[in-house]
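A closer look at the structure
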Amino acid sequence: MATSLFDLTNEVAVVIGAGGVLAGAVAEGFAEAGAKVAVVDLRPEAGEARAKRIRDHGGTAQFFQANAMERDSLLRAHDAIVASLGAPTILFNAAGGNDPKTTVTPDNPFEAIPLENWKRNFDLNLVAGVLLPCQVFGPGMVARRKGSIINIASVSAHIPLSRVVSYSAAKAGVLSLSRFLAREWATQGVRVNTLTPGFFPADQNRALLFNADGSPTDRTQQIWNHTPMRRFGEAQELVGAAIFLASGRASGFVTGADIRVDGGFLAQTI
Ligand SMILES: NC(=O)c1ccc[n+]([C@@H]2O[C@H](COP(=O)([O-])OP(=O)(O)OC[C@H]3O[C@@H](n4cnc5c(N)ncnc54)[C@H](O)[C@@H]3O)[C@@H](O)[C@H]2O)c1
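Below you will find a few notes about this structure. (Residues numbered from 1 in each chain as written. Predicted model: local features only at pLDDT ≥ 70, side-chain atom pairs only at ≥ 80, totals over all residues. Heavy atoms only, no water.)

**A few points about the nonpolar core**
Among the nonpolar cores identified, the biggest contains 34 residues, and Leu8, Val15, Phe30, Val37, Val39, Phe92 and Leu195 are the most heavily contacted of them. Contributions of two or more residues to this core are made by strand E1 (12–16), helix H1 (21–32), strand E2 (36–41), helix H2 (44–56), strand E3 (60–65), strand E4 (90–93), strand E5 (147–152) and helix H9 (239–246). Ranked by residues supplied to this core, first place goes to H1 with seven residues. Counting 33 residues, the second largest nonpolar core, distinct from the first, contains Leu74, Val136, Met141 and Ala157. (Core = buried A, V, L, I, M, F, W, Y, C linked by side-chain atoms within 4.5 Å. Buried < 20%, exposed > 50% of the residue type's maximum accessible area, 1.4 Å probe, protein only. Helix = DSSP H or I, 4+ residues; strand = E, 2+ residues; numbered from the N terminus.)

So, in structure tokens, the structure goes:
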């Protein structure tokens, strides 16, 4: 029988942020497709729970605690992953989120955004979200001439959303750095692509999307009005695009690309 285009057997997938909502669904999807999954997260409880869930469903997964903002922490995780699961062939980078102190509001105008928080957003989304993991996991993939790196951008990377100014700028950087690396490693067997999720309820944005009583906020109404499908995405809906990009058989000539999974959000202006 021909091997499926979307079979990830014999792949070792490192999923950073897999304790969270989006990368968690992707980690489970990679495992279901046959990959051995290294669940990497800052939060041990969430990470351990994800790895256990994958194992309970018959997959192979192990949790590795790491802070993606720190190179040494990632290097330790890298060595532990190589020793116990084997050399990584897939890297899914999803550490990210918005520091609320950088959100522009009537009480927190643009000119008052604290520099410290602005920098923290860049450190989380661009440094931990792409730079350091690519510096730590990329060279091994290049040396073995096999790798697929998937970074998470945002609709706000393409056209900035109102209010989340530094998140948008950092995510625009995610697109740029990903394309730089795509070109850099294109002849060395390593592909680098991005996924642009639309709006998916997750831990880091729940307070922005829902009031304490669970009703949608005004912001949510605005998002739905701007989303042709008139709804949020479900984490599961990101998995197919991630497996496509991860699989060399499915997307071997695809690098420097961005796949939008956004219910049409970027397809319309008004
Ligand atoms: N949810 C959305 O609507 C949406 C839309 C566009 C982009 N994104 C992006 O998707 C990615 C995943 O976000 P999510 O919505 O699933 O959020 P989430 O908060 O559920 O998951 C983020 C995970 O990253 C982990 N993490 C944070 N900092 C880390 C660090 N320094 N080192 C290691 N792990 C760290 C957290 O512990 C958490 O488990 C982020 O980059 C986010 O910006 C989300």
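**Some thoughts on the sheet that holds E3**
With respect to topology, seven strands assemble into an open sheet ordered E3-E2-E1-E4-E5-E6-E7, the strand pairing being parallel. Only two strands of the sheet have a single partner each, and these edge strands are E3 and strand E7 (258–261). For this sheet, the mean angle separating the axes of adjacent strands, direction not counted, is 20°. Where E1 and E2 come together, five bridges link them in parallel fashion. Across the sheet, Val14 pairs through a bridge with Ala38, a residue of E2. Each of E2 and E3 touches H2; the most contacted strand, E3, lies at about 170° to it. Sheet contacts for H9: E4, E5, strand E6 (190–197) and E7; angle to E6, the most-contacted strand, approximately 170°. (Pairing = 2+ DSSP bridges. Axes fitted to C-alpha atoms, helices over the stretch in contact; angles between N-to-C directions. Contact = heavy atoms within 4.5 Å.)

**Considerations on the site of the ligand**
The immediate surroundings of the ligand are formed by 30 residues, with Asp41, Arg43, Tyr167, Phe200 and Gln204 found nearest. Contact between the ligand and Gly20: an oxygen atom at 3.0 Å from a main-chain N or O atom of the residue. The separation between an oxygen atom of the ligand and a polar main-chain atom of Phe200 is 2.7 Å. Expressed as a share of its isolated accessible area of 820 Å², the protein-covered part of the ligand is 94%. Where the shell around the ligand is concerned, the elements lending two or more residues are H1, helix H4 (115–144) and helix H6 (165–185). Within the shell around the ligand, the residues separate by chemical class into 16 nonpolar, ten polar and four charged. (Near = heavy atom within 4 Å. Polar contact = N/O pair within 3.5 Å; in protein donor to acceptor, adjacent residues only side chain to side chain. Areas by Shrake-Rupley, 256 points an atom, 1.4 Å probe, with all protein chains shown as cover. Nonpolar A, V, L, I, M, F, W, Y, C, P; charged D, E, K, R; others polar.)

**Section: the pairing of E3**
Taken together, the six bridges between E2 and E3 define a ladder with parallel strand orientation. Paired with Asp41 across the strands is Gln65, a residue of E3. In this region the chain leaves E2, passes through H2 and returns to the parallel neighbour E3; the handedness of that crossover is right-handed. (Right-handed = clockwise from strand over helix to strand, strands pointing away.)

**Overview of the packing of aromatic side chains**
All chains considered together, the criterion is met by five aromatic pairs. Between Phe210 and Phe232, the ring centres sit 5.9 Å apart and the planes meet at 75°, which makes this aromatic pair edge-to-face. Of this pair, Phe210 sits in the loop between helix H7 (206–209) and helix H8 (218–226) while Phe232 sits in the loop between H8 and H9, and the two are 22 residues apart along the sequence. Clustering of aromatic rings is evident, with ring pairs tying together Phe210, Trp224 and Phe232. (Phe/Tyr/Trp six-rings, centres within 6.5 Å; stacked < 30°, edge-to-face > 60°.)

**Considering H1**
An α-helix turns once per 3.6 residues; consequently, residues spaced three or four apart project the same way. Here H1 spans 17 Å end to end across twelve residues, near enough to the 16 Å set by a 1.5 Å rise per residue. Of all twelve residues in H1, ten are buried; the element is thus mostly enclosed. Looking at H1, one finds that the buried residues are Leu22, Ala23, Gly24, Ala25, Val26, Ala27, Glu28, Gly29, Phe30 and Ala31. Once H1 finishes, Gly34 follows within two positions and takes phi at roughly 110°, a positive value. (Expected span 1.5 Å × (residues − 1).)

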